[in-house]
Every structure is written in structure tokens, then in C-alpha cells.
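In case you want the letters, here they are:
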Amino acid sequence: MKHIHLDETTSTNSAIIQFEHDAPVYLTATSQTSGRGQRGNSWESEPGKNVTMSILVTPRHVNARNQFAISRAVAVAITDVINPSLATVNKQAAIKWPNDIYVDNYKVAGILIENALGGDSIIRSIIGIGLNVNQTSFVSNAPNPLSLASITGRELDIDNIAEMIATRVVELIEAIDNPGSYNSIYHSRLWRRDGEWRFVDTASGKEFTAGIDHVANDGCLHLETDSELRQYYFKEVAFIL
């Protein structure tokens with residue numbers, strides 16, 4: 001797979017589009033000046049300390065209605081790559097719905113996926129990944145960032161991790177053959193999969209307690225309260241940390 005590295009760019013998701021003819025391809029950057037996260041948030045990353053990358057694929061075999069299969073595959077791929085390092089300190093990465101990567105109650109990675117649709121197919125998918133690797137001090141107002149180095153007590157090879165993630169992401173996406181691909185693995189690695197937790201309905205602002213029942217193939221989160229089963233799509237509900 002082709003790899004492009006830039007010393008600096010505004011956003012790897014924006015920069016990689018010019019290399020669409022090389023897909024699958026991944027692009028890394030030492031520094032991002034305008035790294036983007038979900039919900040329009042910025043992504044803090046000390047230059048040269050973390051994985052800041054985008055992967056461009058053309059998954060035309062994935063139906064446009066099944067876009068969440070891409071998100072699920074990417075989250076599983078990242079946990080596949082980083083869990084061996086975390087296992088050295090008896091830790092394991094979990095997937096916070098829909099696709100943030102957590103260790104315990106700390107966020108180690110964020111994912112931003114931008115799909116271009118053509119008819120019933122996904123003609124292009126740009127997968128932006130920010131993974132905290134060797135940065136040990138965070139100055140933004142993000143509530144709970146943490147790096148792999150802080151967890152494991154040792155610095156890790158950023159370039160090797162980026163290459164392994166890109167390879168695994170492409171591998172899993174190419175193997176998607178139905179809307180539920182990797183569903184059981186995704187559910188087994190869900191953050192707060194067991195027990196009851198506090199949530200907030202973002203439309204009403206009301207808090208409630210519920211347990212995760214399952215995540216549907218379209219990404220809808222099904223939560224079970226004492227009295228009902230509630231369904232939420234992305235941005236309609238939030239965990240209370």
C-alpha cells in the first residue's frame with residue numbers, strides 16, 4: 001500500500017484526497033494545524049508524538065445503506081493493533097459507541113470517517129485517525145485524553161503502528177461481505193458493554209440510567225432502561241463520564 005508522509009498539513013483528511021487514484025493509500029503527518037474530530041471538535045496532537053493519519057479506500061462493494069460497517073471495521077482494526085501492547089500491562093482497548101477508542105475511562109483514539117456515495121455504493125471513504133501514542137501532557141480542554149505511552153510506561157514506534165493500522169483497516173474493509181460484518185467482535189469490545197450507566201438525551205437534556213442492549217447494523221444504539229428500550233443515533237445521546 002502506498003504511504004505518503006507530510007511534515008505538516010492542515011488536516012490529513014483534506015490532504016489525502018489528491019491521492020485518490022492511488023487507493024488504497026494512507027497519509028501520515030508529523031504535525032496537523034487543523035486536525036478535526038467528531039462533532040466539529042479539534043484534535044490535539046503534539047508534533048511527532050502521535051499517529052495522525054488518514055486512509056483512503058474505495059469500498060464499492062459496501063452498500064451505501066451499510067456505511068456503519070466501515071465504522072465498525074475501523075474501530076475493530078485499531079483495537080486489533082494496539083491491544084497487544086496494552087496486554088503487557090493487563091489493559092485492553094474498548095470501543096466507545098460509535099467509534100472512539102478508550103482504555104478504562106480515558107480516550108486514546110478518535111476516528112472521523114467521510115464517505116462519498118454514488119448510487120447504492122460507497123465510492124470513496126476517507127478514514128481519519130488520531131491515536132495518542134507518545135504524548136504524555138495534554139493542554140486542551142478535552143476531558144479525558146491519555147496516550148499508550150502513559151499507559152504502558154514506554155514509548156512506541158509511531159510509524160510501525162500507523163502502518164499496521166492502515167494494513168488492518170484495509171484488510172477488514174475489503175472483507176466486509178454483509179451489513180453485520182465484525183458485529184460480534186465489535187459488541188464484545190464495546191466500552192461499558194455490561195452494567196447500567198448514566199446517559200443524557202441531547203435533545204431534551206434529561207439524564208437517565210440504562211444498559212447497552214445492542215448496536216444495530218445502521219449504527220443505532222439501543223439502550224434498555226427499567227421501563228423501556230430506547231433507540232438513539234449519533235449525537236442524539238451522550239455518555240456521562
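It should be noted that the structure appears before, not after, this text.
An account of the accompanying structure is given in this report. Quick caveat, the model's predicted, so the values are computed rather than measured. (Residues numbered from 1 in each chain as written. Predicted model: local features only at pLDDT ≥ 70, side-chain atom pairs only at ≥ 80, totals over all residues. Heavy atoms only, no water.)

Overview of the overall build of the protein
Phase 1 of the analysis: Scanning the protein for helices and strands turns up 5 helices and 12 strands.
Phase 2 of the analysis: Taking 241 residues into account, the globule formula puts the C-alpha radius of gyration at 18 Å, and the protein, at 17 Å, falls close to it.
Phase 3 of the analysis: Taking the principal axes of the C-alpha coordinates as reference, the protein spans close to 55 × 45 × 30 Å.
Phase 4 of the analysis: Residue burial in the protein is summarised as follows: out of 241 residues, 49% are buried.
Phase 5 of the analysis: Contacts in the protein between residues far apart in sequence, at least 24 positions, make up 61% of those at least 6 positions apart.
Phase 6 of the analysis: Just so you have it, the protein exposes about 11,200 Å², and 45% of that area is on carbon and sulfur atoms.
Phase 7 of the analysis: Separation between the mean location of the 20 positive side-chain charges and that of the 28 negative ones in the protein comes to 3 Å. (Helix = DSSP H or I, 4+ residues; strand = E, 2+ residues; numbered from the N terminus. Rg over C-alpha atoms; globule rule 2.2 N^0.38 Å. Buried < 20%, exposed > 50% of the residue type's maximum accessible area, 1.4 Å probe, protein only. Contact = heavy atoms within 4.5 Å. Areas by Shrake-Rupley, 256 points an atom, 1.4 Å probe, with all protein chains shown as cover. Lys, Arg positive; Asp, Glu negative; His and termini not counted. Charge placed at Lys NZ, Arg CZ, Asp CG, Glu CD.)

A short note on the environment of E20
Phase 1 of the analysis: Inspection of the secondary structure assignment puts E20 in the loop between helix 1 (12–15) and strand 2 (25–32).
Phase 2 of the analysis: On the basis of relative accessibility, which here comes to 30%, the residue E20 falls in the partly exposed class.
Phase 3 of the analysis: Sequence separation between E20 and L56 is 36 residues, and the spatial gap between their C-alpha atoms is 6.9 Å.
Phase 4 of the analysis: A polar contact of 3.4 Å, which involves the side chain of E20, links it to the side chain of R124. (Polar contact = N/O pair within 3.5 Å; in protein donor to acceptor, adjacent residues only side chain to side chain.)

Some words on the sheet that holds strand 9 (residues 207–215)
Phase 1 of the analysis: Spatially, 5 strands are ordered 11-10-9-8-12 in an open sheet, and the strand pairing comes out antiparallel. Lying at the two open borders of the sheet, with one neighbouring strand each, are strand 11 (229–232) and strand 12 (237–239). Put simply, the sheet's adjacent strands are angled 50° from each other on average, direction ignored.
Phase 2 of the analysis: Alignment of strand 10 (residues 221–224) against strand 11, held across 4 bridges, turns out to be antiparallel. Across the sheet, residue H222 finds its bridge partner in strand 11, namely Q231. (Pairing = 2+ DSSP bridges. Axes fitted to C-alpha atoms, helices over the stretch in contact; angles between N-to-C directions.)

Focus on helix 2 (residues 68–86)
Phase 1 of the analysis: An ideal rise of 1.5 Å per residue puts 27 Å on 19 residues; helix 2 measures up with 26 Å between its terminal C-alpha atoms.
Phase 2 of the analysis: The largest bend along helix 2 measures about 30° and falls at D80, with the proline P84 one to four residues further on.
Phase 3 of the analysis: Within helix 2, 17 of the 19 residues are buried, leaving the element largely enclosed by the surrounding structure. (Expected span 1.5 Å × (residues − 1). Bend = angle between axes of the 7 residues up to and from the residue.)

A look at the nonpolar core
Most often, soluble globular proteins have nonpolar side chains that are buried together.
Phase 1 of the analysis: By size, the foremost hydrophobic cluster in this structure holds 60 residues, and its most contacted members are I55, I82, L131 and I165.
Phase 2 of the analysis: I4, I16, V25 and I126 belong to the second largest nonpolar core, which has 8 residues in total. (Core = buried A, V, L, I, M, F, W, Y, C linked by side-chain atoms within 4.5 Å.)

A few points about the packing of aromatic side chains
Phase 1 of the analysis: The final tally for this structure, using the stated rule, is 6 aromatic pairs.
Phase 2 of the analysis: Consider the rings of F199 and F208, whose centres lie 5.7 Å apart with planes at 20°: the pair is stacked.
Phase 3 of the analysis: When its relative accessible area of 7% is taken as the criterion, F208 is described as buried.
Phase 4 of the analysis: Pairwise contacts between aromatic rings join Y102, W191, F199, F208, Y232 and F239 into one cluster.
Phase 5 of the analysis: Here the guanidinium or amino end of R230 rests over the ring plane of F208, the centre of that ring lying 4.3 Å away. (Phe/Tyr/Trp six-rings, centres within 6.5 Å; stacked < 30°, edge-to-face > 60°. Lys NZ or Arg CZ within 6 Å of the ring centre and 35° of its normal.)

Describing a negative patch on the surface
Phase 1 of the analysis: Taken together, the side chains of E196, D213, E224 and D226 present a region of like negative charge at the surface.
Phase 2 of the analysis: Structurally, E196 can be placed in the loop between helix 5 (183–188) and strand 8 (197–201). (Patch = residues over 30% accessible without salt bridge, like charges linked within 9 Å, V, L, I, M, F, W, Y side chains within 5 Å. Salt bridge = Lys/Arg side-chain N within 4 Å of Asp/Glu carboxyl O.)

Side note on the sheet that holds strand 5 (residues 100–103)
Phase 1 of the analysis: Read across the sheet, 7 strands follow the order 1-2-3-7-6-5-4 without closing on themselves; strand pairing throughout is mixed. A strand with exactly one partner marks an edge of an open sheet, and here the two such strands are strand 1 (2–9) and strand 4 (94–96). Adjacent strand axes in the sheet meet at a mean angle of 25°, parallel and antiparallel pairs treated alike.
Phase 2 of the analysis: Pairing between strand 5 and strand 6 (residues 106–118): 3 bridges, direction antiparallel. Of the residues in strand 6, the one forming a bridge with I101 is A109.
Phase 3 of the analysis: The strands touched by helix 2 are strand 4, strand 5, strand 6 and strand 7 (121–131); relative to strand 6, the strand with the most contacts, the crossing angle is about 150°.
Phase 4 of the analysis: Across the sheet, helix 4 (residues 158–174) lies against strand 2, strand 3 (51–57) and strand 7, angled at about 25° from strand 3, the strand it touches most.

Some thoughts on the side chain of S54
Phase 1 of the analysis: Note on placement: S54 falls in strand 3.
Phase 2 of the analysis: Engagement of the side chain of S54 in a polar contact is seen with the side chain of T12, the distance being 2.6 Å.
Phase 3 of the analysis: Contact partners of S54, with chain neighbours within four places excluded, come to T12, N13, I16, V25, Y26, L27, I126, I127 and G128.

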